[in-house]
Amino acid sequence: MHILHVVGARPNLMKVAPVLGALKHYSRIKQTLIHTGQHYDTNMSDVFFQQLEIPAPDVNLGVGSGSHARQTAEIMTRFEPVVLERKPDLVLVYGDVNSTVAAALVCAKLLIQVGHVEAGLRSRDRTMPEEINRLVTDQLADLLFTPSADGDENLEREGIPGHKIYRVGNVMIDSLVRLLPAAIEKKMNGLPDSYVLVTLHRPANVDDDHTLKGILECLLELNSQLKVVFPVHPRTRQRIADFGFDASQLDLREPLPYIEFLALQRRATAVVTDSGGIQEETTYLKVPCLTLRNNTERPVTVTMGTNILVGQNGATLRTELTKILNGKQKRSSVPPLWDGRAGERIAEILSKL
Ligand code: UD1
């Protein structure tokens, strides 16, 4: 059997690594890796390949940035001839980025089976581009691998037959479990004992000047009390410059490699983020997470984990941070099947097809 994996953006890489690794043990299975090139900066892509020990992609489509329509269309146009030439039996797509939906659409039209890893997540917020990508990809997929029970329920509610759904657990946590020892060993010079780690990149938070200003003001205020460490996504760096804001008092850094970021996360007093994956990682690490969004497609991180949704303005963020700094942490547990073995479960299912 020939399985072709498609990745494009940074969060895809932690998800593909455990599946590639687990499938290697099945000699009957041939694997091909395609990188769409949606993310292309070294620190958004290459360094993750090295640290996660992902083999170099067989093909890089080199699509780069663009509007959603342009980027999605470009991936489809460049991906189609590759699939036609390579003739995989199954294509695996990951997460909810534009590369995910573009590859799924191409395969659906070519009648090639598609498996979606991290299926069934729903924020119920269609203003998020990722929610559109999730809805479309799941309708097209033949095999849907979910990380938690809410994923199965969402898919069944949307009419996906139960036999297509496999609850395998969280592949992103597989990578975390594997590389946590390396993160524990990592020396992080010059860091105080307490600090807040921040990431920010959602268009809803960074593309609107008023919203971004409110968040930055809150972080600057916090920084006078507790150091704010902020690895800045290229989109956010661009917006801060476009709007003429001054965030230079914060500990601004370039996007960090996986192990360095994990090292920062596990020691943080709290994490403030609008990322999807970081809500999951902090839940596993039992580090308080304040998510700058009104909703989440990962509700188990709120019901079971350390995550609290604080919306997009600074008010709730301030209140919840104060609670954490006063030692009033939320009680939490790790969701079932977030155990470092989701990739193995996927490989076992695929090996029986
Ligand atoms: C994408 C995903 C988002 C994911 C995020 C993780 C979609 C719809 N969004 O958002 O779900 O959480 O990746 O990082 O797929 N840029 C660079 N270098 C790069 C990549 C991007 O400078 O390597 C800049 C470009 O100016 C680009 C902008 O960042 O226009 C946004 O990149 P894009 O891939 O469109 O979306 P992300 O915001 O990264």
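Each value, and the rule that gives it
- Residues numbered from 1 in each chain as written.
- Predicted model: local features only at pLDDT ≥ 70, side-chain atom pairs only at ≥ 80, totals over all residues.
- Heavy atoms only, no water.
- Pairing = 2+ DSSP bridges.
- Helix = DSSP H or I, 4+ residues; strand = E, 2+ residues; numbered from the N terminus.
- Contact = heavy atoms within 4.5 Å.
- Axes fitted to C-alpha atoms, helices over the stretch in contact; angles between N-to-C directions.
- Phe/Tyr/Trp six-rings, centres within 6.5 Å; stacked < 30°, edge-to-face > 60°.
- Near = heavy atom within 4 Å.
- Polar contact = N/O pair within 3.5 Å; in protein donor to acceptor, adjacent residues only side chain to side chain.
- Areas by Shrake-Rupley, 256 points an atom, 1.4 Å probe, with all protein chains shown as cover.
- Nonpolar A, V, L, I, M, F, W, Y, C, P; charged D, E, K, R; others polar.
- Salt bridge = Lys/Arg side-chain N within 4 Å of Asp/Glu carboxyl O.
- Buried < 20%, exposed > 50% of the residue type's maximum accessible area, 1.4 Å probe, protein only.
- Parallel < 35°, antiparallel > 145°, perpendicular 65-115°, else oblique.
- Disulfide = S-S within 2.5 Å.
- Right-handed = clockwise from strand over helix to strand, strands pointing away.

Trainee: How should I be thinking about the sheet that holds strand β6 (residues 143-146) in this particular structure?
Mentor: Judged by pairing direction, the sheet is parallel, and its seven strands sit side by side in the order β3-β2-β1-β4-β5-β6-β7 without closing on themselves. Looking at strand neighbours, the two that pair on one side only are β3 (59-60) and β7 (165-167), the edges of this open sheet. Docked against the sheet, helix α15 (residues 342-351) engages β1 (2-7), β4 (90-94), β5 (113-117), β6 and β7, running at close to 160 degrees with respect to β6.

Trainee: I would appreciate a short explanation of the packing of aromatic side chains in the present structure.
Mentor: Given two aromatic rings, their pairing is described by the distance between the two centres and the angle made by the two planes. This model, assessed by the stated rule, comprises two aromatic pairs. With a centroid separation of 5.6 Å and an interplanar angle of 50 degrees, the aromatic rings of Phe243 and Phe245 are classed as tilted.

Trainee: When you look at the site of the ligand in this model, what are you seeing that I'm missing?
Mentor: Surrounding the ligand, one finds 19 residues, the nearest of these being Gln38, His39, Tyr40, Asn98 and Glu130. His39 has a polar side-chain atom sitting 2.7 Å from an oxygen atom of the ligand. Contact between the ligand and Asn98: an oxygen atom at 2.8 Å from a main-chain N or O atom of the residue. Protein contact buries 85% of the 750 Å² of open area that the ligand shows by itself. The class makeup of the residues in the shell around the ligand is five nonpolar, nine polar and five charged.

Trainee: What is the right way to look at the sheet that holds strand β8 (residues 195-198) in this model?
Mentor: Strand pairing in a sheet takes place through backbone hydrogen bonds and is either antiparallel or parallel in direction. The sheet built from six strands is open, its strands ordered β10-β9-β8-β11-β12-β13 with parallel pairing. Two strands in the sheet have a free side with no partner beyond their single neighbour: β10 (251-253) and β13 (307-309). Neighbour-to-neighbour, the strand axes of this sheet turn through a mean angle of 20 degrees, independent of strand direction. On the sheet, helix α14 (residues 314-325) packs against β8, β11 (270-273), β12 (289-291) and β13 and is oriented at approximately 175 degrees with respect to β12.

Trainee: Looking at this structure, I do not really get the pattern of salt bridges. What am I missing?
Mentor: A pair can form between side chains of opposite charge whenever their charged atoms are brought close. In total, this model carries 27 salt bridges according to the counting rule given. Residues Arg178 and Glu53 are paired through a salt bridge, measuring 3.2 Å at the closest nitrogen-oxygen approach. Of this pair, Arg178 sits in helix α7 (residues 171-185) while Glu53 sits in the loop between α2 (46-51) and β3; the two residues are 125 residues apart in sequence, bridging distant segments of the chain. As a salt-bridge pair, Asp251 and Lys227 come within 3.5 Å of each other at their nearest N and O atoms. Of this pair, Asp251 sits in strand β10 while Lys227 is found in strand β9 (residues 227-231), placing the two residues 24 residues apart along the sequence. Its relative accessible area of 17% is what places Asp251 among the buried residues. The network of salt bridges with common partners includes Lys15, Asp96, Glu118, Glu131, Arg134, Glu280, Arg293, Glu297 and Arg298.

Trainee: How should I be thinking about α15 in this particular structure?
Mentor: Each full turn of the α-helix corresponds to 3.6 residues, which orients residues three or four apart in the same direction. Buried residues dominate α15, accounting for seven of its ten residues. Within α15, the full set of buried residues consists of Ala342, Gly343, Ile346, Ala347, Ile349, Leu350 and Ser351.

Trainee: I'm lost on unusual backbone geometry in this one. Help?
Mentor: Note: most residues except glycine have negative phi, and most peptide bonds are trans. Even without glycine at this site, Lys87 takes up a positive phi of about 50 degrees. Looking at where Lys87 falls in the secondary structure, it is placed in the loop between α3 (68-86) and β4. Look at Glu118: it is not a glycine, yet its phi comes out positive at around 80 degrees. Structurally, the position occupied by Glu118 is in the loop between β5 and α5 (129-140). Using a relative accessible area of 6% as the deciding quantity, one classes Glu118 as buried.

Trainee: Explain the packing of helix α1 (residues 10-23) against α7 here, please?
Mentor: Angle between the axes and distance between the axes: these two values describe a pair of packed helices. Orientation of α1 relative to α7, taken along the N-to-C sense of each, is 80 degrees, at an axis distance of 7 Å. Put simply, α1 runs roughly perpendicular to α7. When α1 is examined against α7, the residues Met14, Lys15, Ala17, Pro18 and Val19 are found in contact with a partner set consisting of Val171, Met172, Asp174, Ser175 and Arg178. In terms of residue class, the contact of α1 with α7 is made up of six nonpolar, one polar and three charged.

Trainee: Help me understand the state of the cysteines in this model?
Mentor: By definition, a disulfide links two cysteine residues through a covalent bond between their sulfur atoms. Enumeration according to the criterion identifies zero disulfides in this entry. The thiol sulfur of Cys218 is not disulfide-bonded, and the nearest other cysteine sulfur, from Cys289, lies at 15 Å. On the accessibility criterion, Cys218 (3% relative accessible area) is buried. For Cys289, a relative accessible area of 0% puts it in the buried group.

Trainee: I keep staring at the side chain of Gln38 and nothing clicks. Help me out?
Mentor: By secondary structure assignment, the location of Gln38 is in the loop between β2 (30-35) and α2. If near-sequence neighbours (up to four positions away) are discounted, Gln38 is found in contact with Gly8, Ala9, Val63, Gly64, Gln71, Ile75, Val97, Asn98 and Ser99.

Trainee: It is not clear to me how the pairing of β11 should be interpreted in this structure. Could you clarify?
Mentor: Every other side chain in a regular strand lies on the same face of the sheet, so the side chains alternate between the two faces. Because side chains alternate across β11, one face comprises the buried residues Ala270 and Val272, and the other comprises Val271 and Thr273, equally buried. Pairing of β8 with β11, which is carried by three bridges, proceeds in the parallel orientation. In the strand pairing of β11, Val198 is matched with Val272. Inspection of the sheet shows β11 paired to β12 by three bridges, in the parallel sense. In the sheet register, Val272 faces β12, and the bridge partner there is Leu290. The β-α-β motif built from β11, the intervening helix α12 (residues 277-285) and the parallel element β12 has right-handed crossover chirality.

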